[in-house]
Amino acid sequence: DIKAARRSIAQSSAAGDGVGVVGGGAGEGGPGDGAEGVASKVGWTLARFIAASPELRSLSLARCALPPRVGQRIADALEKSIEHTDGLRTRDLSDNAFDAPTGLRLAAALERSARLVEFNVNGNPMDPDAFAAVHRARQSVQAAWRKTAEGKAEARAASQSSSGASSTVERMMSALTSFT
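Attention here is on the structure that accompanies the text. (Residues numbered from 1 in each chain as written. Predicted model: local features only at pLDDT ≥ 70, side-chain atom pairs only at ≥ 80, totals over all residues. Heavy atoms only, no water.)

**Focus on the nonpolar core**
Residues Leu61, Ile74, Leu93, Leu106, Phe119 and Val121 are the most contacted members of the largest nonpolar core, which totals 32 residues. Looking at this core, the elements that each hand over two or more residues are α2 (34–51), α3 (68–84), α4 (100–110) and α5 (128–147). Setting aside anything within four residues of it in sequence, one finds Val121 in contact with Leu93, Ser94, Leu106, Met126, Phe131 and Val134. (Core = buried A, V, L, I, M, F, W, Y, C linked by side-chain atoms within 4.5 Å. Buried < 20%, exposed > 50% of the residue type's maximum accessible area, 1.4 Å probe, protein only. Helix = DSSP H or I, 4+ residues; strand = E, 2+ residues; numbered from the N terminus. Contact = heavy atoms within 4.5 Å.)

Shown next as structure tokens:
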């Protein structure tokens, strides 16, 4: 049950027991670890939440000043969630503090998905190679998505709605010109 999993995550996070998807040992958010420890706790708490939420479809952690360590945890969680459900469609991690190694790790995790078609890491201090790796991974996921039954159905629906919109515009233009 998802509610029980979330309660367990919250209780473990509050207790700082380190049980979960990743992290939690010495130097991983224990007492006296300061800001880096807090970031690590945030990272593994997010990772546990992502992995325990199969119904999660969209996640925005934009402009949260998340450090690279948290990005690594998010990449771990992404891989775990893909193994089980691969339900996440959009993720916005823009404008954080993710460095090049974190970007490469996120790209490697992204490549495993067939559904995560919107993935934003703009505004992070990554090098061009890391941004290129994320871009290639996103293109690969989008190509895989278009081959799935769900992706094909979505493309058909989008095509029908855009042709319907253009015919509506054409009818409106025709009606307007008939008044003159």
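Next comes the rest of the write-up.
**Digging into the packing of aromatic side chains**
Across all of its chains, the model carries 0 aromatic pairs by this definition. Sitting over the face of the ring of Trp145, Arg89 holds its NZ or CZ atom 4.4 Å from the ring centroid. (Phe/Tyr/Trp six-rings, centres within 6.5 Å; stacked < 30°, edge-to-face > 60°. Lys NZ or Arg CZ within 6 Å of the ring centre and 35° of its normal.)

**Side note on the packing of α4 against α5**
At a minimum axis distance of 8 Å, the contact between α4 and α5 shows a crossing angle of 10 degrees. In terms of orientation, α4 lies roughly parallel with respect to α5. In this structure, α4 contributes Ala100, Gly103, Leu104, Ala107 and Leu110 to the contact, and α5 contributes Asp129, Ala130, Ala133, Val134, Ala137, Arg138 and Val141. Residue classes in the contact of α4 with α5 are distributed as 9 nonpolar, 1 polar and 2 charged. (Axes fitted to C-alpha atoms, helices over the stretch in contact; angles between N-to-C directions. Parallel < 35°, antiparallel > 145°, perpendicular 65-115°, else oblique. Nonpolar A, V, L, I, M, F, W, Y, C, P; charged D, E, K, R; others polar.)

**Section: α5**
With 20 residues, α5 extends 29 Å from end C-alpha to end C-alpha; this agrees with the ideal 28 Å at 1.5 Å per step. Regarding α5, the residues found buried are Ala130, Ala133, Val134, Ala137, Val141 and Trp145. Looking straight down α5, one finds that the buried residues subtend no more than 110 degrees of arc, so they occupy a single side. Across from the buried face of α5, at angles greater than 90 degrees, the exposed residues are Pro128, Asp129, Arg136, Arg146 and Lys147. (Expected span 1.5 Å × (residues − 1). Arc of directions from axis to C-beta.)

**Observations regarding the sheet that holds strand β1 (residues 58–60)**
Taken in spatial order, the 3 strands of this open sheet run β1-β2-β3, and their pairing is parallel. For this open sheet the edge positions go to β1 and β3 (118–120), each flanked by a neighbour on one side alone. On average, adjacent strands in this sheet sit at an angle of 5 degrees to one another, irrespective of strand direction. Alignment of β1 against strand β2 (residues 90–92), held across 3 bridges, turns out to be parallel. Considered in β2, the bridge of Leu59 is made with Arg91. (Pairing = 2+ DSSP bridges.)

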